[in-house]
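Report on the structure
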Amino acid sequence: MNGLLVAIKAELFIAMRTFASKLIVLAPALIAAVQLFIVKLGETGQQARNNLLGASEFDRAIGSNAYGFFVDGLSTGLTILGLLIVAQAAYSFSYERDIGSIRHLFIRRVSRSSSITAKLIHLHLLAIISVLLLLAVSYFLSGILWEYDAIVEDGFELISEQEIQNEIKLGLHLALLPIPAAIGFGLLVSVSAQSATQAVTTALGITLAIDIFKGLLGDFSNYIYASFQPSLIDQSYLQAVSRIVRGYSDVLIDDRVLQLNMWVPLPALLLFFTAALWIVQRRKI
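So, here is what we can say about the structure in this document. (Residues numbered from 1 in each chain as written. Predicted model: local features only at pLDDT ≥ 70, side-chain atom pairs only at ≥ 80, totals over all residues. Heavy atoms only, no water.)

Next up on the list: empty space enclosed by the protein. Applying the stated criterion to the full structure yields one cavity of 30 Å³ or more. Size it by volume and the largest cavity reaches roughly 130 Å³. Forming the walls of the largest cavity are Thr79, Gly82, Leu83, Thr207, Leu208, Asp211, Ala226, Gln229, Pro230, Ser231 and Leu232. For the lining of the largest cavity, the elements supplying multiple residues, two or more each, are helix H4 (66–99) and helix H9 (196–213). Among the residues making up the lining of the largest cavity, the classes are represented as five nonpolar, five polar and one charged. (1 Å grid on protein atoms, 1.4 Å probe; cavity = no way out; pocket = protein on both sides within 12 Å on 5 of 7 lines; lining within 4 Å. Points joined across faces, edges and corners; volume = space filled by probe spheres on them. Helix = DSSP H or I, 4+ residues; strand = E, 2+ residues; numbered from the N terminus. Nonpolar A, V, L, I, M, F, W, Y, C, P; charged D, E, K, R; others polar.)

Approximately 290 Å³ is the volume found for the largest pocket. Around the largest pocket sit 16 residues that line it, and Gln235, Ser236, Tyr237, Leu252 and Val257 are the ones nearest its centre. Those elements that provide at least two residues to the lining of the largest pocket are helix H10 (237–244) and helix H11 (255–263). A breakdown of the residues in the lining of the largest pocket according to their chemical character gives seven nonpolar, seven polar and two charged.

What follows concerns the side chain of His122. Its location among the elements puts His122 in helix H6 (residues 112–145). For His122, a relative accessible area of 7% gives the class buried. (Buried < 20%, exposed > 50% of the residue type's maximum accessible area, 1.4 Å probe, protein only.)

Interhelical geometry of H6 versus helix H8 (residues 178–192) gives an angle of 140 degrees and a closest axis separation of 10 Å. Judged by the inter-axis angle, H6 sits oblique to H8. Crossing geometry of H6 relative to H8 is assigned as right-handed. Of H8, the residues touching H6 (which contributes Ile116, Lys119, Leu120, Leu123, His124 and Ala127) are Ile179, Pro180, Ile183, Leu187 and Val191. (Axes fitted to C-alpha atoms, helices over the stretch in contact; angles between N-to-C directions. Parallel < 35°, antiparallel > 145°, perpendicular 65-115°, else oblique. Left-handed = near helix turned anticlockwise from the far one by under 90°. Contact = heavy atoms within 4.5 Å.)

As structure tokens, then:
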């Protein structure tokens, strides 16, 4: 336990002084903010055209509802976070092994398993802080640029604010579950690769390859944790939520897929982390 605490302190000390940690924390929120500003500029011009063409009140309600843009900001930020956290996890141990700094921890009686566990904890802390900042920025900026309200058409409430908020909470919950598995995957690549460069390119390459080909895997993709993450080719439930909270009624939800979203990521994390611990014990440092 003492070795684990030493390793955690070392990780936090490094995190406070490295650009990569600050990038993971700040980049998702900043990119989401930029996206919302750009969308607002484009929407302003579109609304002017709609007023000239006589758009329906329902179309205007969809365009002015902040909840949809809040979800869009979350999706974009979590997509960026997913890529950054995998890259950082892959870089962490492999880089320290390359430059020899990991040996200093081992000299201080920090075991290899404690070092990997400390990195897992450290990366989770970075992800939590990043998500909290993303939530705050996306929520307040969406509220400033648009207005939070229920979806109403011709005086009839299609979706109440309570229902919208419940859908967003569920979507966010399901979107966050794969992040620990992504961290575990990055650490597994980190201890397996021959160099830091190889680790980062391999982790990002596999992540992007899964994203590209998951549509070709059919139902088998539902057993891959990455299928449930917000991504460049997004099939996550949070993507469906962005349509639900805008009042679209053509969104089909498969309860079985939601159940797999709940249960697949945790075993994936345990599998990756256990494999990483097994490999690091047998590799020459």
